[in-house]
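Reading the structure
Letter by letter, the chains look like this.
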Amino acid sequence: MQIKTEWMTARVAAVEALTPTVRQIDLALANRHFPFAPGSHIDVVTFIDGRAQTRSYSLLPPPRPGTMRIAVKLLAAGRGGSAFMGRLRPGAQLTVSAPDNRFPLSQATEAPLLVAGGIGITPMLGMARQLAAQGRAFRFLYAGRSRPDMAYLPQIQAICGERLAVFAGEEGRRLDLGAAIAGLDPAAELYLCGPLRMLEDARRLWAEAGRPAHALRTEIFGDSGHFAPEPFEVFAVQEGRGTTVGVHETIATALGRIGVAVLTDCERGECGLCAVKVTAYDGRIDHRDVFFSEAEKAGNARLCACVSRVVGGAGGRGRVSIDTGFRRSAAAATDGADSAAASGL
C-alpha cells in the first residue's frame, strides 16, 4: 500500500551504455514538462517475475525540456529492477511518477562537500553543476572500483576541475571519509549518495566528530545490503498469514501478494513509514534502511518492510514474524497467535 502520487506514461527516447554495467535512459513525456531541482528522483513501475513493482531512480540534468534522464546500474544480486530497466529499448512505454525531492541541496550552506560512491554519482552531478553555476565553493569526492566503471567521470571532471578528487580502488586510492569530515568547516554540510556501508561509515564518523545530524544529507541505493538477497519466510502474526519472500521481492510486496497490507512510501528505507515490529526471527536480519540508528538495528526490534531482509537460519532459510500494526478482535488475534506458534517462530 503506497502513498498516492501522480503517475504518467513516458516513452523511452534513447538508451546509452556509459560503462559495462551502467545504462543511461532518456524518457520523453507527452506534452508534459516538470522542472525539478538537483537531488530529485522519479518512481518507475517495473515488472519483475510478472508482478508490477516500483523502483526509484535519481534524475540527472535533462537533455531537453519535456524529457527526464536517469542512469541504472545492473546489479546481479539486486531485486530485479535493474535487470528490467536494462532490457528497455527506445520506443518502450513506461509508467513513471512526477519528480519528488527528498535529497534537496541547501542554498544556505557554505562550501558543502559532495561525496558519490559508484552509481551514487547520479543525484550529485546536478548538485555540482548548480553549485558551479552559482559560483559557490564546494568539493567533490568520487569513489569507485575503477575509472572505466565510474559513470559521468568526464562530465564531473569538466564541472569541478580542481575541486574534484577521484578515488579508484584499482589504483590503490581509498576514500578516507574521516579525514574529509575533519577538514570541513564547522558549519559545512555533507551530501553523500552511495552504498549502505559507505553511508553507515559516514553516519558513524559524522557523529564521532560531534557534528549536527541535520548537516549530513544522504541518499541510499534501494538494493544496498550487507548480504546477497535470498528467499526467506515472513509471517504476519496479527493476520495469521505468511509467505515466502523471493529474491526479487520485499516483505511489503510479498505480504501484499497474499492480501496483507503494509503501508509504504519511499520504498528505499528512508522514511520509516513501513517500519514494523519484529516478534521473532531465525537467521540474521539484513537492515538495508537508513531510518533506524545503528543501535536500533542491532536490537532487531523493528525493521523496514520495504527493504530489509533475512538471511541464514535453521535449514539454511531465514524466517521472521512481524506485527504490521493491524488490530483485530481478541478471538481472531488468538487464532493468529496459534498459527504463529505452529509456524515454529
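None of these values were measured; they are calculated from a predicted model.

1. A short note on the overall build of the chain
Broken down by element type, the chain carries eight helices and 19 strands. Taken over C-alpha atoms, the radius of gyration comes to 21 Å for the chain, in line with the 20 Å a tight globule of 345 residues would show. Along the first, second and third principal axes, the C-alpha atoms of the chain reach 65 × 50 × 35 Å. Here the chain holds 345 residues, and the buried ones make up 50% of them. Residue pairs at least 24 apart in sequence account for 69% of intrachain contacts in the chain once pairs closer than 6 positions are excluded. Summed over its atoms, the accessible surface of the chain is roughly 15000 Å², and 53% of this surface lies on carbon and sulfur atoms.

2. Points about the pairing of strand E15 (residues 275–282)
Side chains on a regular strand alternate between the two faces of the sheet. As judged from the three bridges shared by E15 and strand E17 (residues 302–304), these two strands associate in the antiparallel manner. Looking across to E17, one finds that Lys277 is bridged to Arg302. Relative to strand E19 (residues 318–323), E15 runs antiparallel, the two being bridged by five bridges. Directly across from Ala280, in E19, lies its bridge partner Ser321.

3. Overview of the side chain of Thr122
With respect to the secondary-structure elements, Thr122 resides in helix H2 (residues 121–133). Residue classification places Thr122 among the buried positions, given a relative accessible area of 5%. Among the polar contacts made by the side chain of Thr122, one reaches the main-chain carbonyl oxygen of Ile119 at a distance of 3.1 Å. Thr122 has contacts with Ser58, Leu59, Leu60 and Ala71, leaving out every residue within four places of it along the chain.

4. Considerations on the nonpolar core
Within the largest apolar cluster, 29 residues are counted, with the highest numbers of intra-cluster contacts made by Leu114, Met124, Phe140, Tyr142 and Ile156. Those elements that provide at least two residues to this core are strand E8 (113–117), H2, strand E9 (139–144), helix H3 (153–160), strand E10 (164–168) and strand E11 (190–194). A per-element tally of this core places H2 first, with six residues. Apart from residues lying up to four places away in sequence, Met124 is in contact with Phe103, Leu114, Val115, Ala116, Phe140, Tyr191, Leu192 and Cys193. The next biggest cluster of nonpolar side chains, apart from the first, holds 23 residues, and it includes Phe232, Ala236, Phe292 and Val307.

5. Focus: the sheet that holds E10
Read from one edge of the open sheet, five strands run E10-E9-E8-E11-E12, paired in parallel fashion. Edge strands, defined here as strands with exactly one partner in the open sheet, are E10 and strand E12 (216–220). Strand-to-strand twist of the sheet, defined as the mean angle between neighbouring strand axes without regard to direction, takes the value 10°. Examined bridge by bridge, E8 and E11 share four bridges and lie parallel to one another. By the bridge assignment, Leu113 is partnered in E11 with Leu190. Those strands touched by H2 are E8, E9, E11 and E12, and its axis lies near 155° from that of E8.

6. Thoughts on the pattern of salt bridges
Taken as a whole and judged by the stated rule, the model has 15 salt bridges. For Arg69, the salt bridge identified is with Asp26, shortest N-O distance 2.6 Å. Within this pair, whereas Arg69 is found in strand E5 (residues 67–73), its partner Asp26 is found in strand E2 (residues 22–29), the two being separated by 43 residues in sequence. The same class applies to Arg69 as to Asp26, namely buried. Arg102 serves as the salt-bridge partner of Asp265, at 3.1 Å between the closest nitrogen and oxygen. Residue Asp265 is found in the loop between helix H6 (251–257) and E15, and its partner Arg102 is found in the loop between strand E7 (100–101) and E8; the two are separated by 163 residues along the sequence. The exposure class assigned to Asp265 is partly exposed, which follows from its relative accessible area of 22%. Judged by relative accessible area, which is 33%, Arg102 ranks as partly exposed.

7. Describing the pairing of E11
Burial of E11 is extensive: five of the five residues sit out of reach of the surface. Residues Leu190, Leu192 and Gly194 line one face of E11 and the alternating positions Tyr191 and Cys193 line the opposite face, and both faces are buried. Pairing between E11 and E12: five bridges, direction parallel. For Cys193, the partnering residue across the bridge sits in E12 and is Glu219. Following the backbone out of E11, through helix H5 (residues 196–208) and into the adjacent parallel E12, one traces a crossover that is right-handed.

Parameters at a glance
- Counting of residues starts from 1 at the beginning of each chain's written sequence and follows it residue by residue.
- With the structure being a predicted model, the display of local features is reserved for residues of pLDDT at least 70 and the display and counting of side-chain atom pairs for 80 or more, all residues being used for whole-chain, interface and lining totals.
- In computing side-chain properties, one takes all heavy atoms of the structure into account and sets aside hydrogens as well as water.
- Counting from the N terminus, the helices are the DSSP runs of H or I reaching at least four residues and the strands are the DSSP runs of E reaching at least two.
- When we talk radius of gyration, it's over C-alpha atoms, and the globule rule is simply 2.2 Å times the number of residues to the 0.38.
- Relative accessibility under 20% of the residue-type maximum defines a buried residue, over 50% an exposed one, and the middle range a partly exposed one, all with a 1.4 Å probe and only protein chains included.
- Any pair of residues with heavy atoms lying within 4.5 Å of one another is described as a contacting pair.
- All accessible-area figures derive from a Shrake-Rupley calculation using a 1.4 Å probe, and residue coverage is judged against the displayed protein chains alone.
- In this scheme, strands are said to pair when DSSP sees at least two bridges between them.
- By the criterion applied in these results, polar contacts are pairs of N or O atoms within 3.5 Å in which, for protein atoms, one can donate a hydrogen and the other can accept it, and in which residues neighboring in sequence qualify only through two side-chain atoms.
- The nonpolar core is taken to be a set of buried Ala, Val, Leu, Ile, Met, Phe, Trp, Tyr and Cys residues, with the residues joined through side-chain atoms within 4.5 Å.
- Interaxial angle, 0 to 180 degrees, is taken between N-to-C directions of lines fitted to C-alpha atoms, where a helix line uses only the stretch in contact.
- We define a salt bridge as a contact between a side-chain nitrogen of Lys or Arg and a carboxyl oxygen of Asp or Glu at a distance within 4 Å.
- Seen with its strands pointing away from the viewer, a crossover is right-handed when the path leading from the first strand over the helix to the second is clockwise.

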